[in-house]
Amino acid sequence: MPAKGRVVRLEDIPWRRNDDPRDWLNYKRLLWEETGSKELCVGLGELPPGKVLGLHHHVGDAEFYYVLSGRAKVTVEDMEVDATPGTAIYIPPSAKHSILNDGTENFVIVYGLDAPTRRFVWDEPLKE
């Protein structure tokens, strides 16, 4: 029996944010394990001006960002990208990466991982 698809609408998904000062990314997970995906996680992320998504990696999981609006510095290992609308960034499995919104407006991306959830490991200590 084939697997069933699932449809979600952006307006039906609430914004979320992790309770960690290293992670100021507001996000909406559209497709992931809670919506029936066993293979991938796709969502919308929004980072306010002056905020960061700190250095982290996804153990064994590849990720991509596609920039919809705003601008930010995206670091992937030793590569720094001035990310603007229309920029697509591939992040290899387990590569350390971060985002700094050094612009004046919200930095908005579509992100996706080849995993059913957004599991990650911090690569910088929590500052007290």
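Fair warning: this is a prediction, and the values are worked out from it, not measured in the lab.

Undergrad: So what's going on with the environment of Glu39? Which residues, and what values?
TA: Its location among the elements puts Glu39 in the loop between strand S2 (26–31) and strand S3 (41–47). Residue class for Glu39 comes out exposed when judged on its relative accessible area of 57%. With 64 residues separating them along the chain, Glu39 and Gly103 place their C-alpha atoms 33 Å apart. Ignoring any residue separated from it by four or fewer positions in sequence, one finds Glu39 in contact with Leu113, Asp114, Ala115 and Pro116.

Undergrad: Pulling in residues and values, what's your account of the sheet that holds strand S7 (residues 79–83)?
TA: Strand order in this open sheet of 5 strands is S7-S6-S9-S4-S11, and the pairing throughout is antiparallel. Whereas interior strands pair on both sides, the edge strands pair on one side only; in this sheet they are S7 and strand S11 (121–122). Pairing analysis gives 2 bridges linking strand S4 (residues 52–57) to S11, with the strands arranged antiparallel. Paired with His57 across the two strands is Val121, which belongs to S11.

Undergrad: Mind laying out a nonpolar patch on the surface, listing which residues take part and the relevant values?
TA: A contiguous nonpolar surface patch, about 260 Å² in accessible area, is contributed by Phe64, Tyr66 and Leu68. Within the secondary structure, Leu68 is located in strand S5 (residues 63–69). By relative accessible area, Leu68 is classed as partly exposed at 42%.

Undergrad: Break down the pattern of salt bridges for me, with residues and values.
TA: Scanning the entire structure with this criterion turns up 4 salt bridges. One salt bridge in this structure joins Arg22 and Asp20, with 2.9 Å as the shortest N-O distance. Both residues of the pair, Arg22 and Asp20, count as buried. The closest approach of N and O atoms between Asp82 and Arg71, which form a salt bridge, is 2.7 Å. You can see Asp82 sitting in strand S7 and its partner Arg71 sitting in the loop between S5 and strand S6 (72–76), a full 11 residues away along the chain. Exposure remark for Arg71: the relative accessible area of 29% places this residue in the partly exposed category. The network of salt bridges with common partners includes Arg71, Lys73, Asp82 and Asp102.

Undergrad: An account of the packing of aromatic side chains is needed here, citing residue identities and associated values.
TA: A complete count under the given rule lists 1 aromatic pair for this structure. With a centroid separation of 5.1 Å and an interplanar angle of 80°, the aromatic rings of Phe120 and Trp122 are classed as edge-to-face. The ring of Trp24 carries Arg17 above its face, with NZ or CZ at 4.1 Å from the centroid.

Parameters at a glance
Residues numbered from 1 in each chain as written. Predicted model: local features only at pLDDT ≥ 70, side-chain atom pairs only at ≥ 80, totals over all residues. Heavy atoms only, no water. Helix = DSSP H or I, 4+ residues; strand = E, 2+ residues; numbered from the N terminus. Buried < 20%, exposed > 50% of the residue type's maximum accessible area, 1.4 Å probe, protein only. Contact = heavy atoms within 4.5 Å. Pairing = 2+ DSSP bridges. Patch = residues over 30% accessible without salt bridge, like charges linked within 9 Å, V, L, I, M, F, W, Y side chains within 5 Å. Areas by Shrake-Rupley, 256 points an atom, 1.4 Å probe, with all protein chains shown as cover. Salt bridge = Lys/Arg side-chain N within 4 Å of Asp/Glu carboxyl O. Phe/Tyr/Trp six-rings, centres within 6.5 Å; stacked < 30°, edge-to-face > 60°. Lys NZ or Arg CZ within 6 Å of the ring centre and 35° of its normal.

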